[in-house]
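Now for the letters of each chain:
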Amino acid sequence: MSDGTPLDDPRPMLWHHARDAASAADSATLDRATGCLTVAIADMVVSARINRHRAAAEALAGVPGACTVSGLAGRTDISSAVLANAYLMHARLTDDSFRVAAHPGLAVVPVALAALEHTAQHKAQPPDGDRLLRAVVGGYECACLLAEQLLPDVSQRGWRVTSVIAPLAAAATMALMLDLPEDDACAALGLAAGAVGGPLGVVSAKGDGWSLQPALAVQAGVSATIAASAGLRSGAGTLAGPHGLYSLFGGASAGAEPRRSEQRAAIHRVTFKRFPVAMYGQSIFDALRAQPPINGTIRHVCVQIAPFAARYGNQRDASEDSIASVEGITVAALRAFHPGLSRGWGAGERGIEAVGDPALPELRARVTIELSDGRTFAMTGDGDTSGWHSADFYSHCITLLGNLGGQLYEAAATLSHGGHVGQLLELWHAAR
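An account of the accompanying structure is given in this report. (Residues numbered from 1 in each chain as written. Predicted model: local features only at pLDDT ≥ 70, side-chain atom pairs only at ≥ 80, totals over all residues. Heavy atoms only, no water.)

1. Details of the overall build of the protein chain
To be explicit about the condition: Helix and strand assignments come from DSSP, with helices taken as H or I runs of at least 4 residues and strands as E runs of at least 2, each series counted from the N terminus. For the radius of gyration, the atoms used are the C-alpha atoms, and the globule rule reads 2.2 Å times the number of residues raised to 0.38. Each residue gets one of three labels from its accessible area relative to the maximum for its type: buried under 20%, exposed over 50%, partly exposed in between, using a 1.4 Å probe on protein chains only.
Each helix and strand counted, the protein chain has 18 helices and seven strands in total. The C-alpha atoms of the protein chain give a radius of gyration of 22 Å, which matches the 22 Å a tight globule of 432 residues would have. Dimensions of the protein chain along its principal axes, counting C-alpha atoms only, are 70 × 60 × 40 Å. Taken over 432 residues, the protein chain has a buried fraction of 57%.

2. What to know about the nonpolar core
Applied cut-off: Grouping buried Ala, Val, Leu, Ile, Met, Phe, Trp, Tyr and Cys residues that are joined through side-chain atoms within 4.5 Å yields what is termed a nonpolar core. Here, two residues are considered to be in contact whenever any of their heavy atoms come within 4.5 Å of each other.
Of all hydrophobic cores here, the largest spans 156 residues; its most connected members are Leu-37, Leu-168 and Ile-369. When residues in this core are grouped by element, the largest group, 14 residues, is from helix α8 (residues 161-178). Here Ile-369 is in contact with Leu-288, Ile-294, Ile-298, His-300, Val-301, Leu-334, Leu-341, Arg-375, Thr-376, Phe-377 and Met-379, once residues within four sequence places are set aside.

3. Topic: the pairing of strand β6 (residues 364-371)
The cut-off we apply is this: Two strands pair under a simple rule: DSSP has to find at least two bridges between them.
The alternating pattern of β6 places Ala-365, Val-367, Ile-369 and Leu-371 on a buried face and Arg-364, Arg-366, Thr-368 and Glu-370 on a face that is not buried. Relative to β6, strand β3 (residues 296-305) is paired through seven bridges, and the arrangement is antiparallel. Paired with Ile-305 across the two strands is Ala-365, which belongs to β6. Pairing between β6 and strand β7 (residues 376-382): seven bridges, direction antiparallel. Residue pairing in the sheet places Val-367 in a bridge with Met-379 of β7. Here β6 hands over to β7 after four residues, with Gly-374 in that stretch at a positive phi of 100 degrees.

4. Concerning the side chain of Arg-160
Cut-off, in case you're wondering: Positive charge is attributed to Lys and Arg, negative charge to Asp and Glu, and no charge count is given to His or to the chain ends. Whenever Lys or Arg places a side-chain nitrogen within 4 Å of a carboxyl oxygen from Asp or Glu, that contact is recorded as a salt bridge. Under the rule applied, a polar contact is a pair of N or O atoms within 3.5 Å (in protein, one hydrogen donor and one hydrogen acceptor; residues adjacent in sequence only if both atoms are side-chain atoms).
Tracing the chain through its elements places Arg-160 in the loop between α7 (153-156) and α8. Put simply, Arg-160 is tucked away with no salt bridge, and the nearest opposite charge, on Asp-95, sits 7.1 Å away. Separated by 2.9 Å, the side chains of Arg-160 and His-90 make a polar contact. Other than its neighbours up to four places away in sequence, Arg-160 contacts His-90, Gly-198, Pro-199, Leu-200, Val-202, Val-203, Trp-210, Gln-213, Pro-214, Tyr-312 and Ile-323.

5. Details of the pattern of salt bridges
As enumerated under the stated definition, the model contains 19 salt bridges in all. Across the salt bridge formed by Arg-19 and Asp-20, the nearest N and O atoms sit 3.1 Å from each other. Between Arg-52 and Asp-208 there is a salt bridge whose closest N-O contact spans 3.1 Å. Taken together, the residues Arg-52 in helix α3 (residues 51-60) and Asp-208 in the loop between α9 (182-193) and α10 (209-229) connect sequence positions 156 residues apart. By relative accessible area, which is 43% here, Asp-208 ends up partly exposed. Sharing partners across several salt bridges, the network here consists of Arg-99, Glu-148, Arg-269 and Glu-362.

Next up, the structure:
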């Protein structure tokens, strides 16, 4: 503080939460980590099958090394692999979410996989599947704690929460994979905090900025951890100071209280997408998918969603083509499930109204369609998939990749029971 009072250092407590969640993970939590891990790999593989995304990943891949980049035959160094794979995981906007706006998995899974392959080659350590799953649990704990504390302030201040939390979550994940001592792990968190940020404007504008932005933040967290392991240090002020992370982006210190032994890991509250749109758009798609096909001309559509979603990404000025646009999401869902409907308004007119309803949960929506002939259709949708279990993850991977998805999930599912991680890595590296 400016009066010389010593700062409380939140880094050790944040690290303890991540480390303790990883070490305390029970079978249900490790199963959950298996699902997150496999869905993430499947998302990367599917993205790499799209020419423009594979080309971008190839361009982001750096010098030869030990680490896989999904869809590429060669291997690259740890930092480039994390960058390319985090990009691929987010490229189609299908990756997991927490509290609607945060994407924790892209900051965790690519880091854990790259660290596993890197240490297996450079430190002659056999790849450890149990360590992989536990690092995933701990990385999600760090990411979700930060998101819990910063939202909604961080978004209201114009920052993208994923790019704020990603450097620290990546640092925590890598520290767990490398088994760093506490001093190094806390230094990594502090150094990573010096690289946080990313304007929210990328989600409301056209272009590819939204897809690359979080991956750059993840890479920064990996670099911070490498620097910390080499002896670089940071102060408490990077998180808790007058111009530190919490004061700039909002919220209190994440994980300020010690972790309770009975506290359930945050990974259990992560949600997963069935449709390639923003998390708050899942309920809109769900509502329109459940409605029998409608034909006619639309006069007006009212979409009622939680207030945070109704404001997110500057809806009033957002391009309909942007990933944040409720109007754009609704139009995409109408085209997908009700091709017999035509829009009765001209270019530039706003025929879809997004209304924030405080009575609605974060992942619910009500959609009302009024047609020019006077007919009205009202429907509701639910995008909350936090209750997914093993069968749901397996089915989702099959949907994404067919038999390969099932094989990936089955290989990952053995890890918490002593299975060898080599089979999973081989399947992933060979997937095209």
